[in-house]
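Spelled out, the chains give:
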There are 2 protein chains.
Amino acid sequence: MTHASAPSAHPAAHETAVYTHGHHESVLRSHTWRTAANSAAYLLPSLTAGLDVLDVGCGPGTITADLAALVAPGRVTAVDAAEGVLANARAVAAERGLGNVEFAVADVHALDFPDDSFDVVHAHQVLQHVGDPVQALREMRRVCRPGGVVAARDSDYGAFTWFPERPALDGWLDLYHRVARANGGEPDAGRRLVSWARRAGFTEITTTAATWCFATPDERAWWSGLWADRTTGSDYAELAVSGGHATRAELTSIAEAWREWGAREDAWFMVPHGEILCRVS
Amino acid sequence: MTHASAPSAHPAAHETAVYTHGHHESVLRSHTWRTAANSAAYLLPSLTAGLDVLDVGCGPGTITADLAALVAPGRVTAVDAAEGVLANARAVAAERGLGNVEFAVADVHALDFPDDSFDVVHAHQVLQHVGDPVQALREMRRVCRPGGVVAARDSDYGAFTWFPERPALDGWLDLYHRVARANGGEPDAGRRLVSWARRAGFTEITTTAATWCFATPDERAWWSGLWADRTTGSDYAELAVSGGHATRAELTSIAEAWREWGAREDAWFMVPHGEILCRVS
(Lines give C-alpha, C1' and ligand atoms only; values in the text may rest on other atoms or scores of the structure.)
Protein backbone atom coordinates (compact mmCIF):
# COMPACT_ATOMS: atom_id res chain seq x y z
CA MET A 1 0.00 0.00 0.00
CA THR A 2 1.39 3.40 -0.94
CA HIS A 3 1.58 6.17 1.60
CA ALA A 4 2.52 9.44 -0.07
CA SER A 5 4.37 12.09 1.90
CA ALA A 6 2.68 15.08 3.46
CA PRO A 7 1.39 17.73 1.04
CA SER A 8 3.80 20.36 2.36
CA ALA A 9 6.81 18.39 1.14
CA HIS A 10 5.38 17.63 -2.30
CA PRO A 11 3.46 20.47 -3.90
CA ALA A 12 2.60 18.69 -7.18
CA ALA A 13 -1.04 17.60 -7.34
CA HIS A 14 -0.28 13.96 -8.01
CA GLU A 15 1.89 13.76 -4.93
CA THR A 16 -0.63 15.08 -2.45
CA ALA A 17 -2.64 11.91 -1.92
CA VAL A 18 -2.59 10.79 1.70
CA TYR A 19 -2.77 7.08 2.43
CA THR A 20 -6.23 6.93 3.93
CA HIS A 21 -5.75 3.97 6.24
CA GLY A 22 -2.36 4.71 7.80
CA HIS A 23 -0.56 1.84 9.46
CA HIS A 24 -2.47 1.32 12.68
CA GLU A 25 -2.41 -2.26 13.98
CA SER A 26 -6.03 -2.65 12.79
CA VAL A 27 -4.86 -1.91 9.25
CA LEU A 28 -1.82 -4.19 9.36
CA ARG A 29 -4.08 -6.95 10.75
CA SER A 30 -5.84 -6.84 7.40
CA HIS A 31 -2.77 -6.42 5.22
CA THR A 32 -0.71 -9.22 6.75
CA TRP A 33 -3.52 -11.68 5.99
CA ARG A 34 -2.81 -11.11 2.32
CA THR A 35 -1.01 -13.76 0.32
CA ALA A 36 -0.17 -14.21 -3.35
CA ALA A 37 -2.86 -16.91 -3.42
CA ASN A 38 -5.69 -14.77 -2.07
CA SER A 39 -4.57 -11.46 -3.59
CA ALA A 40 -2.46 -12.10 -6.72
CA ALA A 41 -3.78 -15.35 -8.21
CA TYR A 42 -4.27 -13.62 -11.57
CA LEU A 43 -0.50 -12.91 -11.71
CA LEU A 44 0.81 -16.33 -10.70
CA PRO A 45 0.73 -17.90 -14.20
CA SER A 46 3.07 -15.09 -15.34
CA LEU A 47 5.70 -15.86 -12.71
CA THR A 48 8.62 -18.19 -13.33
CA ALA A 49 11.91 -18.77 -11.56
CA GLY A 50 14.52 -16.19 -12.45
CA LEU A 51 12.26 -13.22 -13.19
CA ASP A 52 13.02 -9.83 -11.61
CA VAL A 53 10.01 -8.27 -9.91
CA LEU A 54 9.22 -4.77 -8.66
CA ASP A 55 6.51 -4.79 -5.99
CA VAL A 56 5.11 -1.29 -5.66
CA GLY A 57 3.38 -0.34 -2.40
CA CYS A 58 4.48 -3.51 -0.68
CA GLY A 59 3.10 -2.54 2.75
CA PRO A 60 3.94 -5.22 5.35
CA GLY A 61 5.25 -7.46 2.60
CA THR A 62 3.33 -10.72 2.89
CA ILE A 63 2.45 -10.79 -0.82
CA THR A 64 6.02 -9.67 -1.59
CA ALA A 65 7.45 -12.63 0.28
CA ASP A 66 5.24 -15.06 -1.65
CA LEU A 67 6.31 -13.50 -4.95
CA ALA A 68 9.98 -13.74 -3.92
CA ALA A 69 9.63 -17.46 -3.15
CA LEU A 70 8.08 -18.01 -6.58
CA VAL A 71 10.70 -16.18 -8.68
CA ALA A 72 13.90 -17.14 -6.79
CA PRO A 73 16.71 -16.98 -7.82
CA GLY A 74 15.19 -13.91 -9.49
CA ARG A 75 15.09 -10.85 -7.28
CA VAL A 76 12.20 -8.85 -5.86
CA THR A 77 12.59 -5.14 -5.20
CA ALA A 78 9.79 -3.98 -2.94
CA VAL A 79 9.03 -0.32 -2.42
CA ASP A 80 6.59 1.66 -0.35
CA ALA A 81 6.09 5.37 0.20
CA ALA A 82 6.03 4.78 3.97
CA GLU A 83 9.37 4.03 5.58
CA GLY A 84 7.74 2.76 8.79
CA VAL A 85 5.93 -0.21 7.31
CA LEU A 86 9.09 -1.48 5.62
CA ALA A 87 10.34 -2.71 9.00
CA ASN A 88 7.37 -5.12 9.06
CA ALA A 89 8.09 -6.16 5.49
CA ARG A 90 11.79 -6.79 6.22
CA ALA A 91 10.81 -8.87 9.26
CA VAL A 92 8.42 -11.01 7.17
CA ALA A 93 11.13 -11.66 4.56
CA ALA A 94 13.74 -12.46 7.22
CA GLU A 95 11.36 -14.81 9.03
CA ARG A 96 10.89 -16.78 5.82
CA GLY A 97 14.63 -16.86 5.12
CA LEU A 98 14.28 -15.05 1.82
CA GLY A 99 17.59 -13.74 0.51
CA ASN A 100 16.30 -12.36 -2.78
CA VAL A 101 14.26 -9.36 -1.59
CA GLU A 102 15.31 -5.80 -0.95
CA PHE A 103 13.19 -2.93 0.29
CA ALA A 104 13.27 0.82 -0.32
CA VAL A 105 11.16 3.94 0.01
CA ALA A 106 9.82 5.18 -3.34
CA ASP A 107 7.09 7.32 -4.87
CA VAL A 108 5.28 5.38 -7.60
CA HIS A 109 4.72 8.62 -9.53
CA ALA A 110 8.50 8.99 -10.03
CA LEU A 111 10.28 5.66 -9.59
CA ASP A 112 14.00 5.85 -9.02
CA PHE A 113 14.87 3.01 -11.43
CA PRO A 114 16.20 3.05 -15.00
CA ASP A 115 13.95 2.15 -17.92
CA ASP A 116 13.52 -1.60 -18.55
CA SER A 117 14.68 -2.73 -15.09
CA PHE A 118 12.15 -5.49 -14.27
CA ASP A 119 10.27 -8.37 -15.88
CA VAL A 120 7.18 -7.95 -13.71
CA VAL A 121 5.93 -4.78 -12.01
CA HIS A 122 3.15 -5.40 -9.51
CA ALA A 123 0.93 -3.17 -7.38
CA HIS A 124 -1.77 -4.54 -5.08
CA GLN A 125 -4.36 -2.04 -3.81
CA VAL A 126 -2.06 0.87 -4.52
CA LEU A 127 -3.64 2.76 -7.41
CA GLN A 128 -6.79 3.51 -5.39
CA HIS A 129 -4.65 5.53 -2.97
CA VAL A 130 -2.36 7.53 -5.28
CA GLY A 131 -3.03 11.01 -6.58
CA ASP A 132 -2.39 10.18 -10.24
CA PRO A 133 -2.93 6.50 -11.05
CA VAL A 134 -2.32 7.04 -14.76
CA GLN A 135 1.11 8.54 -14.05
CA ALA A 136 1.79 5.66 -11.67
CA LEU A 137 1.00 3.17 -14.45
CA ARG A 138 3.21 5.12 -16.88
CA GLU A 139 6.09 4.79 -14.44
CA MET A 140 5.40 1.11 -13.86
CA ARG A 141 5.43 0.64 -17.64
CA ARG A 142 8.66 2.61 -18.08
CA VAL A 143 10.64 0.46 -15.64
CA CYS A 144 9.24 -2.79 -17.10
CA ARG A 145 11.18 -4.58 -19.83
CA PRO A 146 9.62 -5.18 -23.26
CA GLY A 147 7.79 -8.49 -23.12
CA GLY A 148 7.23 -8.08 -19.39
CA VAL A 149 3.97 -7.47 -17.56
CA VAL A 150 2.59 -4.72 -15.38
CA ALA A 151 0.02 -6.15 -12.96
CA ALA A 152 -2.39 -4.16 -10.81
CA ARG A 153 -5.29 -5.20 -8.61
CA ASP A 154 -7.58 -2.84 -6.76
CA SER A 155 -10.73 -3.33 -4.79
CA ASP A 156 -13.81 -1.30 -5.66
CA TYR A 157 -15.54 0.05 -2.57
CA GLY A 158 -18.68 0.92 -4.50
CA ALA A 159 -19.02 -2.78 -5.31
CA PHE A 160 -18.63 -3.96 -1.71
CA THR A 161 -21.73 -6.02 -0.92
CA TRP A 162 -22.99 -7.46 2.33
CA PHE A 163 -25.91 -9.09 4.10
CA PRO A 164 -27.86 -8.33 6.18
CA GLU A 165 -28.41 -4.65 5.49
CA ARG A 166 -27.51 -2.13 8.16
CA PRO A 167 -28.09 1.60 7.63
CA ALA A 168 -24.99 2.34 9.74
CA LEU A 169 -22.86 0.27 7.34
CA ASP A 170 -24.26 2.23 4.40
CA GLY A 171 -23.10 5.25 6.39
CA TRP A 172 -19.68 3.63 6.84
CA LEU A 173 -19.27 3.17 3.09
CA ASP A 174 -20.44 6.69 2.33
CA LEU A 175 -18.04 8.09 4.91
CA TYR A 176 -15.17 6.01 3.55
CA HIS A 177 -15.79 7.33 0.03
CA ARG A 178 -15.78 10.92 1.27
CA VAL A 179 -12.66 10.58 3.40
CA ALA A 180 -10.68 8.70 0.76
CA ARG A 181 -11.60 11.14 -2.00
CA ALA A 182 -10.79 14.13 0.20
CA ASN A 183 -7.34 12.55 0.54
CA GLY A 184 -6.89 12.38 -3.22
CA GLY A 185 -7.71 8.71 -3.70
CA GLU A 186 -10.36 6.89 -5.77
CA PRO A 187 -11.97 4.09 -3.76
CA ASP A 188 -13.91 2.75 -6.77
CA ALA A 189 -10.64 1.93 -8.51
CA GLY A 190 -11.36 -1.65 -9.61
CA ARG A 191 -13.76 -0.57 -12.32
CA ARG A 192 -11.34 2.10 -13.58
CA LEU A 193 -8.18 0.02 -14.04
CA VAL A 194 -8.74 -0.66 -17.74
CA SER A 195 -9.44 3.00 -18.40
CA TRP A 196 -6.35 4.09 -16.48
CA ALA A 197 -4.15 1.50 -18.22
CA ARG A 198 -5.32 2.61 -21.67
CA ARG A 199 -4.57 6.24 -20.79
CA ALA A 200 -1.12 5.15 -19.60
CA GLY A 201 -0.42 3.78 -23.06
CA PHE A 202 -1.08 0.07 -22.64
CA THR A 203 -2.88 -1.66 -25.51
CA GLU A 204 -2.59 -5.34 -24.59
CA ILE A 205 -4.60 -5.65 -21.38
CA THR A 206 -5.98 -8.84 -19.87
CA THR A 207 -8.80 -8.08 -17.48
CA THR A 208 -10.14 -10.21 -14.68
CA ALA A 209 -12.08 -9.69 -11.49
CA ALA A 210 -11.85 -11.59 -8.23
CA THR A 211 -13.24 -11.38 -4.75
CA TRP A 212 -12.55 -11.78 -1.11
CA CYS A 213 -15.51 -13.27 0.70
CA PHE A 214 -16.02 -13.32 4.48
CA ALA A 215 -18.76 -15.51 5.94
CA THR A 216 -17.42 -18.06 8.43
CA PRO A 217 -17.45 -17.15 12.15
CA ASP A 218 -13.68 -16.51 12.09
CA GLU A 219 -13.84 -14.44 8.91
CA ARG A 220 -16.76 -12.40 10.18
CA ALA A 221 -15.07 -11.72 13.51
CA TRP A 222 -11.82 -10.76 11.83
CA TRP A 223 -13.31 -8.52 9.14
CA SER A 224 -15.87 -6.78 11.34
CA GLY A 225 -13.40 -6.38 14.18
CA LEU A 226 -10.70 -4.78 12.10
CA TRP A 227 -13.15 -2.34 10.54
CA ALA A 228 -14.63 -1.52 13.92
CA ASP A 229 -11.13 -0.86 15.20
CA ARG A 230 -10.07 1.08 12.11
CA THR A 231 -13.15 3.23 12.39
CA THR A 232 -12.28 4.39 15.86
CA GLY A 233 -8.52 3.95 16.08
CA SER A 234 -6.63 4.36 12.78
CA ASP A 235 -5.47 7.31 10.66
CA TYR A 236 -8.77 6.96 8.84
CA ALA A 237 -10.62 7.86 12.05
CA GLU A 238 -8.41 10.91 12.57
CA LEU A 239 -8.89 12.01 8.95
CA ALA A 240 -12.63 11.54 9.20
CA VAL A 241 -12.88 13.77 12.25
CA SER A 242 -10.27 16.37 11.33
CA GLY A 243 -11.75 16.67 7.84
CA GLY A 244 -15.19 17.33 9.25
CA HIS A 245 -16.62 14.19 7.69
CA ALA A 246 -17.84 12.58 10.91
CA THR A 247 -18.06 13.13 14.63
CA ARG A 248 -16.52 10.78 17.20
CA ALA A 249 -20.05 9.73 18.14
CA GLU A 250 -20.81 8.78 14.54
CA LEU A 251 -17.62 6.75 14.33
CA THR A 252 -18.57 4.94 17.53
CA SER A 253 -21.99 4.08 16.06
CA ILE A 254 -20.39 2.73 12.91
CA ALA A 255 -17.97 0.61 14.94
CA GLU A 256 -20.88 -0.79 16.96
CA ALA A 257 -22.76 -1.61 13.76
CA TRP A 258 -19.72 -3.49 12.47
CA ARG A 259 -19.54 -5.61 15.64
CA GLU A 260 -23.29 -6.31 15.60
CA TRP A 261 -23.12 -7.27 11.94
CA GLY A 262 -20.17 -9.60 12.59
CA ALA A 263 -22.12 -11.41 15.31
CA ARG A 264 -24.90 -12.42 12.88
CA GLU A 265 -24.62 -16.07 11.89
CA ASP A 266 -26.00 -15.36 8.41
CA ALA A 267 -23.70 -12.40 7.71
CA TRP A 268 -21.83 -12.37 4.40
CA PHE A 269 -19.41 -9.80 2.96
CA MET A 270 -17.90 -9.61 -0.52
CA VAL A 271 -14.98 -7.42 -1.58
CA PRO A 272 -14.73 -7.39 -5.39
CA HIS A 273 -11.53 -6.39 -7.17
CA GLY A 274 -10.59 -5.44 -10.70
CA GLU A 275 -7.32 -6.89 -12.04
CA ILE A 276 -5.23 -5.98 -15.07
CA LEU A 277 -2.25 -7.74 -16.63
CA CYS A 278 -0.67 -5.35 -19.15
CA ARG A 279 1.86 -6.65 -21.64
CA VAL A 280 4.72 -4.21 -22.28
CA SER A 281 5.62 -4.03 -25.97
CA MET B 1 -32.47 -21.73 -14.95
CA THR B 2 -35.85 -22.48 -13.45
CA HIS B 3 -39.02 -21.36 -15.20
CA ALA B 4 -42.03 -21.97 -12.97
CA SER B 5 -45.37 -22.65 -14.53
CA ALA B 6 -48.09 -20.06 -14.86
CA PRO B 7 -49.72 -18.91 -11.61
CA SER B 8 -53.12 -20.22 -12.62
CA ALA B 9 -51.86 -23.81 -12.59
CA HIS B 10 -50.01 -23.51 -9.27
CA PRO B 11 -51.85 -21.56 -6.60
CA ALA B 12 -49.25 -22.00 -3.81
CA ALA B 13 -47.21 -18.85 -3.22
CA HIS B 14 -43.86 -20.53 -3.70
CA GLU B 15 -44.86 -21.81 -7.11
CA THR B 16 -45.97 -18.51 -8.58
CA ALA B 17 -42.54 -17.13 -9.50
CA VAL B 18 -42.23 -16.43 -13.21
CA TYR B 19 -38.85 -16.90 -14.83
CA THR B 20 -38.05 -13.28 -15.59
CA HIS B 21 -35.89 -13.76 -18.66
CA GLY B 22 -37.87 -16.36 -20.61
CA HIS B 23 -36.01 -18.25 -23.34
CA HIS B 24 -35.67 -15.71 -26.10
CA GLU B 25 -32.59 -16.20 -28.28
CA SER B 26 -30.96 -13.21 -26.51
CA VAL B 27 -31.25 -15.09 -23.22
CA LEU B 28 -29.98 -18.41 -24.58
CA ARG B 29 -27.06 -16.52 -26.16
CA SER B 30 -25.97 -15.75 -22.61
CA HIS B 31 -26.78 -19.12 -21.08
CA THR B 32 -25.03 -21.25 -23.70
CA TRP B 33 -21.79 -19.35 -23.04
CA ARG B 34 -21.74 -20.87 -19.57
CA THR B 35 -19.35 -23.67 -18.77
CA ALA B 36 -18.40 -25.54 -15.62
CA ALA B 37 -15.10 -23.62 -15.72
CA ASN B 38 -16.63 -20.13 -15.83
CA SER B 39 -19.71 -20.89 -13.75
CA ALA B 40 -19.04 -23.83 -11.41
CA ALA B 41 -15.32 -23.71 -10.60
CA TYR B 42 -16.11 -23.78 -6.88
CA LEU B 43 -17.80 -27.18 -7.34
CA LEU B 44 -15.16 -28.90 -9.48
CA PRO B 45 -12.95 -30.10 -6.59
CA SER B 46 -15.99 -31.98 -5.23
CA LEU B 47 -16.55 -33.93 -8.47
CA THR B 48 -15.04 -37.33 -9.12
CA ALA B 49 -15.78 -40.07 -11.61
CA GLY B 50 -18.74 -42.19 -10.63
CA LEU B 51 -20.76 -39.63 -8.67
CA ASP B 52 -24.46 -39.18 -9.41
CA VAL B 53 -25.45 -35.56 -9.95
CA LEU B 54 -28.76 -33.72 -10.03
CA ASP B 55 -28.55 -30.47 -12.00
CA VAL B 56 -31.51 -28.29 -11.07
CA GLY B 57 -32.59 -25.58 -13.52
CA CYS B 58 -30.29 -26.86 -16.24
CA GLY B 59 -31.52 -24.44 -18.90
CA PRO B 60 -29.77 -25.11 -22.24
CA GLY B 61 -27.47 -27.58 -20.54
CA THR B 62 -23.94 -26.40 -21.28
CA ILE B 63 -22.87 -26.59 -17.62
CA THR B 64 -24.76 -29.89 -17.34
CA ALA B 65 -22.74 -31.36 -20.20
CA ASP B 66 -19.46 -30.35 -18.56
CA LEU B 67 -20.55 -31.90 -15.27
CA ALA B 68 -21.55 -35.11 -17.07
CA ALA B 69 -18.13 -35.38 -18.71
CA LEU B 70 -16.46 -34.97 -15.31
CA VAL B 71 -18.46 -37.59 -13.38
CA ALA B 72 -18.85 -40.30 -16.07
CA PRO B 73 -19.57 -43.17 -15.63
CA GLY B 74 -21.67 -41.53 -12.92
CA ARG B 75 -24.98 -40.19 -14.17
CA VAL B 76 -26.35 -36.66 -14.37
CA THR B 77 -30.07 -36.03 -14.08
CA ALA B 78 -30.85 -32.53 -15.32
CA VAL B 79 -34.18 -30.89 -14.67
CA ASP B 80 -35.80 -27.62 -15.59
CA ALA B 81 -39.24 -26.19 -15.02
CA ALA B 82 -39.46 -25.25 -18.71
CA GLU B 83 -40.01 -28.13 -21.13
CA GLY B 84 -39.04 -26.02 -24.14
CA VAL B 85 -35.45 -25.36 -23.17
CA LEU B 86 -34.79 -29.06 -22.56
CA ALA B 87 -34.67 -29.60 -26.32
CA ASN B 88 -31.61 -27.32 -26.42
CA ALA B 89 -30.09 -29.19 -23.49
CA ARG B 90 -30.66 -32.58 -25.10
CA ALA B 91 -29.08 -31.31 -28.31
CA VAL B 92 -25.97 -30.11 -26.43
CA ALA B 93 -25.58 -33.48 -24.71
CA ALA B 94 -26.09 -35.38 -27.97
CA GLU B 95 -23.61 -33.18 -29.82
CA ARG B 96 -20.98 -34.03 -27.22
CA GLY B 97 -21.79 -37.73 -27.36
CA LEU B 98 -22.70 -37.90 -23.68
CA GLY B 99 -24.57 -41.08 -22.79
CA ASN B 100 -24.84 -40.45 -19.05
CA VAL B 101 -27.32 -37.55 -18.96
CA GLU B 102 -31.08 -37.58 -18.82
CA PHE B 103 -33.45 -34.64 -18.77
CA ALA B 104 -36.85 -34.06 -17.22
CA VAL B 105 -39.28 -31.32 -16.26
CA ALA B 106 -39.36 -30.68 -12.51
CA ASP B 107 -40.29 -28.06 -9.92
CA VAL B 108 -37.42 -27.54 -7.51
CA HIS B 109 -39.91 -26.82 -4.72
CA ALA B 110 -41.19 -30.41 -4.92
CA LEU B 111 -38.65 -32.68 -6.58
CA ASP B 112 -39.99 -35.99 -7.84
CA PHE B 113 -37.06 -38.06 -6.53
CA PRO B 114 -36.72 -40.25 -3.42
CA ASP B 115 -34.65 -39.12 -0.46
CA ASP B 116 -30.89 -39.71 -0.78
CA SER B 117 -30.87 -40.11 -4.57
CA PHE B 118 -27.75 -38.14 -5.56
CA ASP B 119 -24.18 -37.42 -4.43
CA VAL B 120 -24.18 -33.84 -5.71
CA VAL B 121 -27.16 -31.53 -6.20
CA HIS B 122 -26.33 -28.38 -8.16
CA ALA B 123 -28.23 -25.23 -9.10
CA HIS B 124 -26.68 -22.38 -11.08
CA GLN B 125 -28.57 -19.07 -11.06
CA VAL B 126 -31.78 -20.78 -10.09
CA LEU B 127 -32.53 -19.67 -6.54
CA GLN B 128 -32.78 -16.01 -7.58
CA HIS B 129 -35.77 -16.92 -9.76
CA VAL B 130 -37.78 -19.24 -7.54
CA GLY B 131 -40.60 -18.23 -5.26
CA ASP B 132 -39.24 -19.98 -2.16
CA PRO B 133 -35.47 -20.49 -2.26
CA VAL B 134 -35.40 -21.95 1.27
CA GLN B 135 -37.90 -24.65 0.29
CA ALA B 136 -35.87 -25.27 -2.87
CA LEU B 137 -32.74 -25.83 -0.76
CA ARG B 138 -34.68 -28.12 1.58
CA GLU B 139 -35.69 -30.25 -1.38
CA MET B 140 -32.15 -30.25 -2.77
CA ARG B 141 -30.96 -31.39 0.65
CA ARG B 142 -33.60 -34.11 0.91
CA VAL B 143 -32.61 -35.77 -2.36
CA CYS B 144 -28.88 -35.56 -1.57
CA ARG B 145 -27.18 -38.52 0.12
CA PRO B 146 -25.48 -38.10 3.51
CA GLY B 147 -21.89 -37.06 2.87
CA GLY B 148 -22.87 -35.44 -0.41
CA VAL B 149 -22.95 -31.75 -1.29
CA VAL B 150 -25.59 -29.28 -2.34
CA ALA B 151 -24.02 -26.52 -4.45
CA ALA B 152 -25.66 -23.26 -5.44
CA ARG B 153 -24.36 -20.17 -7.20
CA ASP B 154 -26.32 -17.01 -7.84
CA SER B 155 -25.38 -13.63 -9.17
CA ASP B 156 -26.25 -10.55 -7.16
CA TYR B 157 -27.68 -7.81 -9.35
CA GLY B 158 -27.22 -5.18 -6.67
CA ALA B 159 -23.49 -5.88 -6.82
CA PHE B 160 -23.23 -5.55 -10.60
CA THR B 161 -20.61 -2.88 -11.26
CA TRP B 162 -19.59 -1.14 -14.45
CA PHE B 163 -17.62 1.71 -15.95
CA PRO B 164 -18.20 4.27 -17.30
CA GLU B 165 -21.36 5.41 -15.56
CA ARG B 166 -24.53 5.85 -17.60
CA PRO B 167 -27.75 7.06 -15.97
CA ALA B 168 -29.75 4.89 -18.37
CA LEU B 169 -27.91 1.80 -17.11
CA ASP B 170 -28.75 2.73 -13.53
CA GLY B 171 -32.31 2.84 -14.83
CA TRP B 172 -31.84 -0.60 -16.39
CA LEU B 173 -30.74 -2.10 -13.07
CA ASP B 174 -33.56 -0.42 -11.17
CA LEU B 175 -36.07 -1.68 -13.73
CA TYR B 176 -34.63 -5.19 -13.60
CA HIS B 177 -34.98 -5.25 -9.81
CA ARG B 178 -38.61 -4.15 -10.00
CA VAL B 179 -39.60 -6.58 -12.75
CA ALA B 180 -37.81 -9.55 -11.18
CA ARG B 181 -39.30 -8.93 -7.73
CA ALA B 182 -42.77 -8.42 -9.19
CA ASN B 183 -42.32 -11.92 -10.66
CA GLY B 184 -41.52 -13.39 -7.26
CA GLY B 185 -37.73 -13.55 -7.60
CA GLU B 186 -34.88 -12.02 -5.58
CA PRO B 187 -32.20 -10.58 -7.89
CA ASP B 188 -29.80 -9.86 -5.01
CA ALA B 189 -29.56 -13.57 -4.27
CA GLY B 190 -25.78 -13.96 -4.04
CA ARG B 191 -25.57 -12.20 -0.69
CA ARG B 192 -28.50 -14.25 0.70
CA LEU B 193 -27.32 -17.79 -0.09
CA VAL B 194 -25.76 -18.40 3.33
CA SER B 195 -28.87 -17.11 5.07
CA TRP B 196 -31.16 -19.27 2.91
CA ALA B 197 -28.97 -22.36 3.41
CA ARG B 198 -28.98 -21.95 7.19
CA ARG B 199 -32.77 -21.62 7.17
CA ALA B 200 -32.95 -24.78 5.05
CA GLY B 201 -31.14 -26.65 7.81
CA PHE B 202 -27.57 -26.73 6.54
CA THR B 203 -24.86 -26.20 9.15
CA GLU B 204 -21.67 -27.04 7.24
CA ILE B 205 -21.50 -24.35 4.55
CA THR B 206 -18.42 -23.37 2.55
CA THR B 207 -18.83 -19.90 1.11
CA THR B 208 -17.03 -18.34 -1.82
CA ALA B 209 -17.66 -15.56 -4.29
CA ALA B 210 -16.60 -15.32 -7.90
CA THR B 211 -17.14 -13.04 -10.85
CA TRP B 212 -17.70 -12.81 -14.53
CA CYS B 213 -15.86 -9.86 -16.02
CA PHE B 214 -16.45 -8.38 -19.48
CA ALA B 215 -13.95 -5.90 -20.89
CA THR B 216 -12.42 -7.04 -24.19
CA PRO B 217 -14.05 -5.82 -27.44
CA ASP B 218 -15.67 -9.23 -27.99
CA GLU B 219 -16.91 -9.48 -24.42
CA ARG B 220 -18.30 -5.95 -24.46
CA ALA B 221 -20.09 -6.49 -27.75
CA TRP B 222 -21.54 -9.79 -26.59
CA TRP B 223 -22.69 -8.62 -23.16
CA SER B 224 -24.05 -5.25 -24.22
CA GLY B 225 -25.70 -6.72 -27.31
CA LEU B 226 -27.50 -9.46 -25.48
CA TRP B 227 -28.80 -7.05 -22.83
CA ALA B 228 -29.86 -4.58 -25.49
CA ASP B 229 -31.72 -7.37 -27.26
CA ARG B 230 -33.19 -8.77 -24.04
CA THR B 231 -34.43 -5.33 -23.10
CA THR B 232 -36.49 -4.96 -26.23
CA GLY B 233 -37.16 -8.54 -27.35
CA SER B 234 -37.38 -11.09 -24.51
CA ASP B 235 -40.03 -12.11 -21.97
CA TYR B 236 -38.41 -9.58 -19.67
CA ALA B 237 -39.41 -6.77 -22.05
CA GLU B 238 -42.99 -8.04 -22.17
CA LEU B 239 -43.14 -8.34 -18.39
CA ALA B 240 -41.70 -4.86 -17.95
CA VAL B 241 -44.37 -3.32 -20.19
CA SER B 242 -47.34 -5.46 -19.16
CA GLY B 243 -46.52 -4.94 -15.50
CA GLY B 244 -46.46 -1.17 -15.93
CA HIS B 245 -42.77 -0.95 -14.99
CA ALA B 246 -41.58 0.73 -18.21
CA THR B 247 -42.81 2.03 -21.52
CA ARG B 248 -41.59 0.75 -24.88
CA ALA B 249 -39.80 4.09 -25.32
CA GLU B 250 -37.95 3.64 -22.03
CA LEU B 251 -36.89 0.15 -23.04
CA THR B 252 -35.58 1.49 -26.34
CA SER B 253 -33.53 4.12 -24.49
CA ILE B 254 -32.05 1.49 -22.21
CA ALA B 255 -31.15 -0.71 -25.18
CA GLU B 256 -29.45 2.26 -26.86
CA ALA B 257 -27.49 2.98 -23.68
CA TRP B 258 -26.30 -0.63 -23.62
CA ARG B 259 -25.04 -0.39 -27.19
CA GLU B 260 -23.31 2.96 -26.57
CA TRP B 261 -21.71 1.60 -23.42
CA GLY B 262 -20.47 -1.49 -25.26
CA ALA B 263 -18.79 0.67 -27.89
CA ARG B 264 -16.57 2.39 -25.30
CA GLU B 265 -13.02 1.06 -25.40
CA ASP B 266 -12.58 1.58 -21.66
CA ALA B 267 -15.84 -0.11 -20.69
CA TRP B 268 -15.74 -2.75 -17.95
CA PHE B 269 -18.50 -4.85 -16.41
CA MET B 270 -18.38 -7.14 -13.40
CA VAL B 271 -21.02 -9.71 -12.40
CA PRO B 272 -20.33 -10.94 -8.86
CA HIS B 273 -21.79 -14.20 -7.57
CA GLY B 274 -22.20 -15.82 -4.19
CA GLU B 275 -21.49 -19.55 -4.00
CA ILE B 276 -22.30 -22.14 -1.33
CA LEU B 277 -21.15 -25.72 -0.95
CA CYS B 278 -23.31 -27.35 1.72
CA ARG B 279 -22.30 -30.70 3.19
CA VAL B 280 -25.23 -33.02 3.86
CA SER B 281 -24.89 -34.83 7.19
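All values reported here derive from a predicted model rather than from experimental measurement.

So, how was this worked out
Residues numbered from 1 in each chain as written. Chains lettered and ligands numbered in written order. Predicted model: local features only at pLDDT ≥ 70, side-chain atom pairs only at ≥ 80, totals over all residues. Heavy atoms only, no water. Helix = DSSP H or I, 4+ residues; strand = E, 2+ residues; numbered from the N terminus. Buried < 20%, exposed > 50% of the residue type's maximum accessible area, 1.4 Å probe, protein only. Contact = heavy atoms within 4.5 Å. Polar contact = N/O pair within 3.5 Å; in protein donor to acceptor, adjacent residues only side chain to side chain. Buried area = accessible area lost by both parts, 1.4 Å probe. Salt bridge = Lys/Arg side-chain N within 4 Å of Asp/Glu carboxyl O. Pairing = 2+ DSSP bridges. 1 Å grid on protein atoms, 1.4 Å probe; cavity = no way out; pocket = protein on both sides within 12 Å on 5 of 7 lines; lining within 4 Å. Points joined across faces, edges and corners; volume = space filled by probe spheres on them. Nonpolar A, V, L, I, M, F, W, Y, C, P; charged D, E, K, R; others polar.

Details of the environment of Asp115(A)
All names here are of chain A. For Asp115, the location among the structural elements is in the loop between strand S3 (101-105) and strand S4 (118-124). For Asp115, a relative accessible area of 49% gives the class partly exposed. As a C-alpha pair, Asp115 and Thr20 span 95 residues in sequence and 30 Å in three-dimensional space. Asp115 has contacts with Arg142 and Val143, leaving out every residue within four places of it along the chain. Among the polar contacts made by the side chain of Asp115, one reaches the side chain of Arg142 at a distance of 2.8 Å.

Describing the interface of chain B and chain A
At the interface, 25 residues of chain B touch 25 residues of chain A. Each partner contributes to the roughly 2,200 Å² buried at the junction of chain B and chain A, and carbon and sulfur atoms together form 66% of this total. When the area that chain B buries against chain A is broken down by residue, the three leading residues are Phe163(B), Arg191(B) and Trp268(B), summing to 25%. Linking chain B with chain A are two salt bridges. Here Glu265(B) ties to Arg198(A) by a salt bridge, and the two come within 2.7 Å at their closest N and O atoms.

Regarding the pairing of strand S7 (residues 205-214) of chain A
All names here are of chain A. Of all 10 residues that make up S7, seven are buried, and the element is covered over most of its length. Two strands pair when backbone bridges link them, and S7 and strand S8 (residues 268-279) are joined in this way by 10 bridges, in the antiparallel orientation. Opposite Phe214, over in S8, you have Phe269 as the bridge partner.

Side note on the layout of surface pockets
One number sums up the size of the largest pocket: a volume of about 370 Å³. As for the largest pocket, its lining consists of 23 residues, of which Thr208(A), Ala209(A), Ala210(A), Glu275(A) and Thr211(B) are closest to the centre. Sorting elements by how many residues they give to the lining of the largest pocket places S7(A) first, with eight residues. When the residues that make up the lining of the largest pocket are grouped by side-chain class, the tally is 14 nonpolar, six polar and three charged. Estimates place the volume of the second largest pocket at around 300 Å³. Lining the second largest pocket, in full, are Gly158(A), Ala159(A), Arg191(A), Gly158(B), Ala159(B), Phe160(B), Thr161(B), Trp162(B), Glu165(B), Asp170(B) and Leu173(B). Among the residues forming the lining of the second largest pocket, the class breakdown is five nonpolar, three polar and three charged.

Note that every value here comes from positions in space, so none of it alone points to a role or purpose.
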